[in-house]
Amino acid sequence: PPLLSLDHVDKRYANGVLALHDVSLAVGPHEFVSLLGPSGCGKSSVLRLVAGLDGATRGNVSAPALERRAPADTACVFQDATLMPWASVFDNVWLPLRIAGQSRAQAAERVDAVLRLVGLADFAQAHPAELSGGMKMRASIARALVAQPRVLLMDEPFAALDEFTRQKLNDDLLHWWQASTLAVLFVTHSIYEAVYLSQRVLVMGARPGRVVDEVVVDEPYPRR
Ligand code: ADP
Ligand code: ADP
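The paragraphs below set out a description of the structure included in this document. (Residues numbered from 1 in each chain as written. Chains lettered and ligands numbered in written order. Predicted model: local features only at pLDDT ≥ 70, side-chain atom pairs only at ≥ 80, totals over all residues. Heavy atoms only, no water.)

## Looking at the environment of Val50
Turning to step 1, where the next piece is worked out: Here Val50 shows up in helix H1 (residues 43–50).
Turning to step 2, where the next piece is worked out: The class for Val50 is buried, based on a relative accessible area of 1%.
Turning to step 3, where the next piece is worked out: C-alpha of Val50 to C-alpha of Leu6: the two residues are 44 residues apart in sequence and 8.1 Å apart in space.
Turning to step 4, where the next piece is worked out: In this view, Val50 contacts Leu4, Leu6, Val61, Ala63, Ala65, Leu153 and Leu185; residues no more than four positions away in its chain are not counted. (Helix = DSSP H or I, 4+ residues; strand = E, 2+ residues; numbered from the N terminus. Buried < 20%, exposed > 50% of the residue type's maximum accessible area, 1.4 Å probe, protein only. Contact = heavy atoms within 4.5 Å.)

Quick look at the structure:
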């Protein structure tokens, strides 16, 4: 069974905009799927529905975030790394475990492990303002992964980074995904990025937003 699914979903916002019309999609365990389309076609709206941040107007949404017992099963990464500027990298990454009731000492081993994974072991005590854009994104991904979610939702995570940093993060993300059991739903308007990263690309069109094509990428990871 899929881990995430939308079944004939419409989303109409309070201002009357029909952002999604008759969208159906499914993502299975350990799949890497991209949502590709131009600005305004409804990609973020889909992500908000499966993150449990908003409700559908019509149709059914099924996702771990909507199951009361599994709030930590979904993690989100946005273009803005959204780190707490007053807190160290360690404390930022600790946050999800802290919310789950783990003390700093209880969380330390897991936080250190995930900081090593993303290449920030030497920056645990640094503050976000001391980090480059790429390193801030690495910290944000570490925070997303620390509680070992089943689903990772990413909304244009690397769009603000320079080309080289972005390519390195794309490669590292594939590596982290492959070593995990994560299902990833990755929003992008870059055709290159969607094809490079994904096993499957869902192509969206606008007015109203809907899935207009589905492309299976036939050369699966690993490519390095
Ligand atoms: P994308 O992520 O592909 O750029 P969005 O899901 O952000 O697309 O937006 C889809 C459409 O819905 C756009 O026309 C946008 O203006 C509209 N929209 C998004 N969020 C809201 C909102 N909270 N209220 C009203 N309209 C919205
Ligand atoms: P990224 O590739 O993550 O965007 P940069 O290209 O800015 O990072 O930096 C390349 C390397 O330089 C980083 O991996 C890091 O080891 C080091 N570096 C960057 N910013 C700092 C900093 N503020 N303090 C110490 N080392 C840094």
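## A few points about the site of ligand 2
Turning to step 1, where the next piece is worked out: With respect to spatial proximity, the complete set of residues near ligand 2 consists of Phe123, Glu130, Ser132, Gly134, Met135 and Thr165.
Turning to step 2, where the next piece is worked out: Glu130 is positioned such that a nitrogen or oxygen atom in its backbone is 2.4 Å from a nitrogen atom of ligand 2.
Turning to step 3, where the next piece is worked out: Taken by itself ligand 2 offers 540 Å² of open surface, and the protein chains cover 40% of this. (Near = heavy atom within 4 Å. Polar contact = N/O pair within 3.5 Å; in protein donor to acceptor, adjacent residues only side chain to side chain. Areas by Shrake-Rupley, 256 points an atom, 1.4 Å probe, with all protein chains shown as cover.)

## Examining the pattern of salt bridges
Side chains bearing opposite charge may pair, as long as their charged atoms lie close to each other.
Turning to step 1, where the next piece is worked out: A complete count under the given rule lists 10 salt bridges for this structure.
Turning to step 2, where the next piece is worked out: Notably, a salt bridge pairs Arg58 with Asp10, separated by 3.1 Å at the nearest N-O pair. Taken together, the residues span a long stretch of sequence, with Arg58 in strand S4 (residues 58–62) and Asp10 in strand S1 (residues 4–12) at a distance of 48 residues.
Turning to step 3, where the next piece is worked out: Note on Asp10: relative accessible area 10%, which makes it buried.
Turning to step 4, where the next piece is worked out: Where Arg138 meets Asp172, a salt bridge forms, and the shortest distance between an N and an O atom there is 3.0 Å. (Salt bridge = Lys/Arg side-chain N within 4 Å of Asp/Glu carboxyl O.)

## Side note on the packing of aromatic side chains
Turning to step 1, where the next piece is worked out: For the coordinates displayed, the defined rule picks out 4 aromatic pairs.
Turning to step 2, where the next piece is worked out: Residues Phe32 and Trp177 carry aromatic rings whose centres are separated by 5.6 Å and whose planes lie at 85° to one another, so their mutual orientation is edge-to-face. Residue Phe32 is found in strand S3 (residues 32–36), and its partner Trp177 is found in helix H5 (residues 163–178); the two are separated by 145 residues along the sequence.
Turning to step 3, where the next piece is worked out: Seen from their ring centres, Phe32 and Phe186 are 6.0 Å apart, and the 40° between their planes marks the pair as tilted. (Phe/Tyr/Trp six-rings, centres within 6.5 Å; stacked < 30°, edge-to-face > 60°.)

## Examining the site of ligand 1
Turning to step 1, where the next piece is worked out: For ligand 1, the set of nearby residues contains 13 residues, the closest of which are Gly40, Gly42, Lys43, Ser44 and Ser45.
Turning to step 2, where the next piece is worked out: A distance of 3.2 Å separates an oxygen atom of ligand 1 from a polar backbone atom of Cys41.
Turning to step 3, where the next piece is worked out: One of the side-chain nitrogen or oxygen atoms of Lys43 is found 2.9 Å away from an oxygen atom of ligand 1.
Turning to step 4, where the next piece is worked out: Against a free-state accessible area of 560 Å², the protein chains account for coverage of 63% of ligand 1.

## Some remarks on the pairing of strand S6 (residues 151–155)
Turning to step 1, where the next piece is worked out: Among the 5 residues of S6, 5 are classified as buried, and the element is accordingly described as predominantly covered.
Turning to step 2, where the next piece is worked out: Here S6 shows a buried face lined by Val151, Leu153 and Asp155 and a second buried face lined by Leu152 and Met154.
Turning to step 3, where the next piece is worked out: Pairing analysis gives 5 bridges linking strand S5 (residues 74–78) to S6, with the strands arranged parallel. Bridging across to S6, Val77 finds its partner in Met154.
Turning to step 4, where the next piece is worked out: In the sheet, S6 pairs with strand S7 (residues 183–188) via 5 bridges, with the strands oriented parallel. Along S7, the bridge assignment pairs Met154 with Phe186.
Turning to step 5, where the next piece is worked out: In this fold, S6 hands off to H5, which returns the chain to S7; that crossover is right-handed. (Pairing = 2+ DSSP bridges. Right-handed = clockwise from strand over helix to strand, strands pointing away.)

## Details of the packing of helix H2 (residues 89–99) against helix H4 (residues 133–145)
Geometrically, a packed helix pair is captured by the angle between its two axes and the distance between the axes.
Turning to step 1, where the next piece is worked out: It is at 7 Å that the axes of H2 and H4 come closest, and there the two elements cross at 30°. On the basis of their axis angle, the class for H2 and H4 is roughly parallel. Along this stretch, H2 crosses H4, giving a crossing that reads as right-handed. Residues Val89, Asn92, Val93 and Pro96 of H2 form the contact with H4, whose own contacting residues are Ala139, Ala142 and Arg143.
Turning to step 2, where the next piece is worked out: Class assignment of the residues belonging to the contact of H2 with H4 gives a composition of 5 nonpolar, 1 polar and 1 charged. (Axes fitted to C-alpha atoms, helices over the stretch in contact; angles between N-to-C directions. Parallel < 35°, antiparallel > 145°, perpendicular 65-115°, else oblique. Left-handed = near helix turned anticlockwise from the far one by under 90°. Nonpolar A, V, L, I, M, F, W, Y, C, P; charged D, E, K, R; others polar.)

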